[in-house]
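# Architecture and fold: a report
As a plain string of letters, each chain reads:
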Amino acid sequence: MLFNRHSFALVALSLTFVAIADEAPRKLPQNSPAEPKEESVSLVVRYGTDQVSAQSVESPRQRVEVVSIPESDAEAYAAFLKQNPGVLSVEPNYPVSNPRMPSPPITIAPGVTSAQSITNAPNDPAFIDQYAWQPPTQQYPGVHDILEAAKKSPQKRKVRIGVTDSGFHQVSDLVFTGGYNFSTIDGPGLDFYTPQIDPSCTDSHGTAVAGIIAATTNNFEGVAGIVDAELYAARVMSCGTGLLNDLATGIYWLSGQPTGSAPTMSSPVDIINVSMGAPAPSCPSYLQDAIDYATSKGVLIVAAAGNESLDVNNYTPANCDKVITVGSVGRNGTTSNVSNYGDGIDVAALGELVRTLNGDGEESYWFGTSFAAPNVAGVAGILKQQAPGLSSEQTVVRIKESVRYPEIFDTGTFRGGILDANNLVTRFQAELEEAHPEFKPALAAQERCHRTAYQNTSPDPSDLAKVYELTADGTLLHAADAFFTVFEREKGQSIADAQLIAATRESTFLIEQVDSDNSYVFDVCQQNGSACKYGKSLVLGIERSGMSASACDK
């Protein structure tokens, strides 16, 4: 007989709460005063699509239910559920929190030393103390050279970055484009700033994380954010603690999935920073589903490794697939004592004396992997500004390929090396320069000197002026499924909406009807225009004044 969720009341193990994930849980019935209150356990149940209602099939979030039952019944009840073939998994809804900070934040006003002695430095007062921006030296190889990377990278657009956390505050140096409270402890709701929800909570963890990434730069105030971004807050905890399924819900929302009563995002964010987690021997499938959905939408997820001095493979979401996991080092390049470690660490970043903002907007120093991760998220944003079409996988590969391994660095503790923003951008721009094809009017070639003959025999000679010839380096096609591609983007259109107009393995080919009002982008992609190596960032120049010019006229 097919399993029926509404038959739970008939079994000996009675269900005390069932709710579609995304909805606030109802309170458990209170025991009589004479009875001791038994602790409840929260489980996340995933169903196959044939086990949900017709309204639920379209949304991966609605294939999940959260059940809360007495602790003494949890094991037997989970076993009962697993007997049904329509149930894919029953897993703990792990309690989550921000990683334990090794020391409390230190609030110190910026010194009198001015950053203006540094060429093209931001004018934010605390910038001089933002060590991650500085170039590495023999004494301090644990920094990231962010300033040089920012100088080199063209600001083509604002990136969209989400922060899953709690402790969000309204401060003048940090602007959130939007946010939502997904915590089932005190949500859901449109209010996501801590003082609006719980004025007694002093937590400002989310503010500090977001400030590293995208505090307003060059406003003579506070600190400098790494990247110019539209910032979105997914409040998935209450005052620093919560439940793991709420994190999954926040990831779905930031990735553009309609989620409960939250206003749907207009488009997915580019990057999600997750400076929170839970001890867990593996990544729960309901969380991995959310991460898989995000990466399918091109979203990069950056996860803090945690501050338990344990193997990171036992901490989630740092142990999930398709995330970039960040450990912590000091300025001197040595591993932070508290950082989780192991071969699951993809990259190390500065997690000691990280200058950012507290809930009062004051410049302060913070410690731990929570504040190493946003350094990586911000630097990834610099790359995504230049190459918005890069997939999350390609972005991760480029970050990992550009790291440094200074002599003092312990490769036995972390697999990945130290983040190097300048090397990341420099390597990418060198690749672009090497890959840039020749793009010119087809009749401008010296070997086509009899242009008049072409025009006289053409049904519409004016069309010939719109034919361009592209010549690329054939050695760029390393893979069998790689194609030279050209995209056309109309004025005001985003690169994501650009139309694929050519895909070929020929190194020289023609593009017809080139419109000087539009822009054209070259890349090496799969035949359908996906998985583009250079993130659709190679813009082709059009000779607007010489559309009909010929080398033969010279």
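Residues numbered from 1 in each chain as written. Predicted model: local features only at pLDDT ≥ 70, side-chain atom pairs only at ≥ 80, totals over all residues. Heavy atoms only, no water.

### Section: the packing of aromatic side chains
Inspection of every chain in the model, using the stated rule, returns 16 aromatic pairs. Summarising the aromatic geometry, the rings of Phe168 and Phe192 are spaced 6.4 Å apart at their centres and angled 75 degrees between planes, so their arrangement reads as edge-to-face. With a gap of 24 residues between them, Phe168 in the loop between strand 7 (159-165) and strand 8 (178-181) and Phe192 in the loop between strand 8 and helix 3 (194-197) connect regions that are remote in the sequence. Relative accessible area serves as the criterion here: at 0%, Phe168 is assigned to the buried category. Judged by relative accessible area, Phe192 falls into the buried class, the value being 8%. (Phe/Tyr/Trp six-rings, centres within 6.5 Å; stacked < 30°, edge-to-face > 60°. Helix = DSSP H or I, 4+ residues; strand = E, 2+ residues; numbered from the N terminus. Buried < 20%, exposed > 50% of the residue type's maximum accessible area, 1.4 Å probe, protein only.)

### Details of the nonpolar core
Ranked by size, the top nonpolar core spans 88 residues in total, and within it Phe176, Val302 and Val376 carry the most contacts. Of all the elements, helix 7 (residues 369-386) adds the most residues to this core, at 9 residues. Filtering out sequence-adjacent residues up to four positions away, Val376 remains in contact with Val302, Ile324, Val326, Val347, Ala349, Ile399 and Leu419. Membership of the second largest hydrophobic core comes to 38 residues, among which are Val66, Ala234, Leu244 and Met276. (Core = buried A, V, L, I, M, F, W, Y, C linked by side-chain atoms within 4.5 Å. Contact = heavy atoms within 4.5 Å.)

### Notes on unusual backbone geometry
Cis geometry marks the peptide bond from Gly187 to Pro188, where omega comes out at -5 degrees. Here Pro188 is to be found in the loop between strand 8 and helix 3. Each neighbour pair has its own omega, and for Thr316 with Pro317 the value is 10 degrees, a cis peptide bond. When you line up the elements, Pro317 lands in the loop between strand 15 (315-316) and strand 16 (324-329). A positive phi angle, close to 55 degrees, is found at Leu353, a residue other than glycine. Topologically, Leu353 is positioned in the loop between strand 17 (347-350) and strand 18 (354-357). For Leu353, a relative accessible area of 31% puts it in the partly exposed group. Here Ala531, not a glycine, exhibits a phi torsion of approximately 50 degrees, which is positive.

### What to know about the confidence of the model for the protein
Residues at a pLDDT of 70 or more form 84% of the protein, whose mean pLDDT is 87. A low-confidence stretch, residues 544-554 (pLDDT under 50), is modelled with 23 contacts involving residues beyond four sequence positions or located in other chains. (pLDDT = per-residue confidence, 0-100.)

### Some thoughts on the pairing of strand 9 (residues 229-235)
Among the 7 residues of strand 9, 6 are classified as buried, and the element is accordingly described as predominantly covered. Looking at chain direction, strand 7 and strand 9 are connected through 7 bridges and run parallel. Looking at the pairing, Thr164 lines up with Ala234 of strand 9. Where strand 8 and strand 9 come together, 4 bridges link them in parallel fashion. By the bridge assignment for strand 9, Tyr180 is matched with Ala234. (Pairing = 2+ DSSP bridges.)

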